[in-house]
Amino acid sequence: MLKVMIVDDEMRIIQGMKMLVDWEMLGYTIIGEAYNGQEGLEKAIVSSPDIVITDIRMPIMDGHQMIKNIKRFVPDCHMIILSGYGEFEYAKQAISEGVYAYLLKPVDQLELTEVLNNIKNEIAEENSQKEELESLKKQYKKNLYIVREKYLREIISNDALKGKQILEFWSSIGFEKCYEEYCMMVIELDYPDEIIEQDSEDFHLIKFAIVNVMEELFSSDCDRIVFNCDKDRIAVLLCREETD
């Protein structure tokens, strides 16, 4: 359910808005009400509503000032203003500052329903785009990790690589700092050769557990990467600055 808050200095208006449409059927729940702009602002900051429906002329803080302040603290909130004929200039100013819709009192049921459906569809589209972007970010990080591990193994195992070639490798795998600012720790597993050569599932589980421990040991804020550099070796690459 999307969250709605209604702000108006007249109780009858708030009660009328509550009864005007079937909020639950439209996918909304009314989480609160306020009777002036200051109260509306304070409640919006706490509850982070998806929609605020507000009058313009109210005591203590008018709707125009409240909208500006809510936008600072709850930037994704969709604002709907209610206004009378004589308040059109106020309404125009509010709309120019990002208000989603302007409804004339008395509010028409069909008009309100249309606006609410449009906002719901817009929020659903925004959420879908955010989820898709987050999925792409996770896939990018996963792919980058695989590429980094491959290149780092190449740097470790290829003695023929010189400084310039290493630098080219380094910049291509997305490390921001110069490779000279990093140090490497290598953990060698002391197991009989026959166990290592068998490449058994148990041995893989042991290596997996060690990698997990090393990942947890170093803070997620630390510029580091833990990777398998050989059958029996695990490497940890750390930024020198982070380890001081």
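An account of the accompanying structure is given in this report. Just so it is clear, the model here is predicted, and its values are computed rather than measured.

Procedures and definitions
Residues numbered from 1 in each chain as written. Predicted model: local features only at pLDDT ≥ 70, side-chain atom pairs only at ≥ 80, totals over all residues. Heavy atoms only, no water. Pairing = 2+ DSSP bridges. Helix = DSSP H or I, 4+ residues; strand = E, 2+ residues; numbered from the N terminus. Axes fitted to C-alpha atoms, helices over the stretch in contact; angles between N-to-C directions. Contact = heavy atoms within 4.5 Å. Buried < 20%, exposed > 50% of the residue type's maximum accessible area, 1.4 Å probe, protein only. Right-handed = clockwise from strand over helix to strand, strands pointing away. Polar contact = N/O pair within 3.5 Å; in protein donor to acceptor, adjacent residues only side chain to side chain. Salt bridge = Lys/Arg side-chain N within 4 Å of Asp/Glu carboxyl O.

## A word on the pairing of strand β2 (residues 28–34)
1) Next: Pairing geometry for strand β1 (residues 2–7) and β2, over six bridges, is parallel. Paired with Ile6 across the two strands is Glu33, which belongs to β2.

## Observations concerning the sheet that holds strand β8 (residues 233–239)
1) Next: Taken in spatial order, the three strands make up an open sheet running β6-β8-β7, and their pairing is antiparallel. Two strands lie at the open edges of the sheet, namely β6 (182–188) and β7 (224–230), each paired on one side alone. Sheet twist, expressed as the average angle between the axes of neighbouring strands with direction ignored, equals 25°.
2) Next: Pairing of β7 with β8, which is carried by six bridges, proceeds in the antiparallel orientation. Along β8, the bridge assignment pairs Phe227 with Ala235.
3) Next: With respect to the sheet, helix α8 (residues 201–217) is in contact with β6, β7 and β8, its orientation differing from that of β7 by roughly 160°.

## Digging into the pairing of strand β4 (residues 78–83)
1) Next: Most of β4 sits out of view: six of its six residues are buried.
2) Next: Of the two faces of β4, the one carrying His78, Ile80 and Leu82 and the one carrying Met79, Ile81 and Ser83 are both buried.
3) Next: For strand β3 (residues 51–55) and β4, the ladder comprises five bridges, and the chain directions are parallel. Its bridge partner lying in β4, Val52 is registered against Met79.
4) Next: Viewed along the sheet, the connection from β3 through helix α3 (residues 63–73) into β4 turns out right-handed.

## As for the environment of Ile14
1) Next: Residue placement: Ile14 occurs in helix α1 (residues 11–20).
2) Next: Residues Ile14 and Thr54, 40 residues apart in the sequence, show an inter-C-alpha distance of 9.4 Å.
3) Next: If we ignore the near neighbours within four places in the chain, the residues touching Ile14 are Ile6, Asp8, Glu33, Ala34 and Tyr35.

## A word on the environment of Glu42
1) Next: With respect to the secondary-structure elements, Glu42 resides in helix α2 (residues 37–47).
2) Next: C-alpha of Glu42 to C-alpha of Ile70: the two residues are 28 residues apart in sequence and 8.8 Å apart in space.
3) Next: Separated by 3.0 Å, the side chains of Glu42 and Gln38 make a polar contact.

## Some remarks on the pattern of salt bridges
1) Next: Taken as a whole, this structure holds six salt bridges when the rule is applied.
2) Next: With a shortest N-O distance of 2.3 Å, Glu33 and Lys18 are connected by a salt bridge. Taken together, the positions of Glu33 in strand β2 and Lys18 in helix α1 put the pair 15 residues apart, joining distant regions of the chain.
3) Next: Under the relative-accessibility criterion, Glu33 is labelled buried at 18%.
4) Next: Salt-bridge contacts for Lys43 lead to Glu39; the nearest nitrogen and oxygen are separated by 3.2 Å. Of this pair, Lys43 and Glu39 both sit in helix α2, separated by four residues, roughly a single helical turn.
5) Next: In this structure Lys43 comes out as partly exposed when scored by relative accessible area, which is 34%.
6) Next: Overall, Glu39 belongs to the partly exposed group, its relative accessible area being 23%.
7) Next: Counted as one network, the salt bridges with shared partners bring together Asp8, Asp55 and Lys105.

## Things to note about unusual backbone geometry
1) Next: Following Lys105, the chain continues to Pro106 via a peptide bond in cis, the omega torsion being -10°.
2) Next: With respect to the helices, strands and loops of the structure, Pro106 is situated in the loop between β5 (101–104) and α5 (109–157).
3) Next: Here the phi dihedral of Ser48 falls at roughly 50°; this positive angle occurs in a residue that is not glycine.
4) Next: Checked against the element boundaries, Ser48 lands in the loop between α2 and β3.
5) Next: One non-glycine residue, Ile60, lies in positive phi territory at about 70°.

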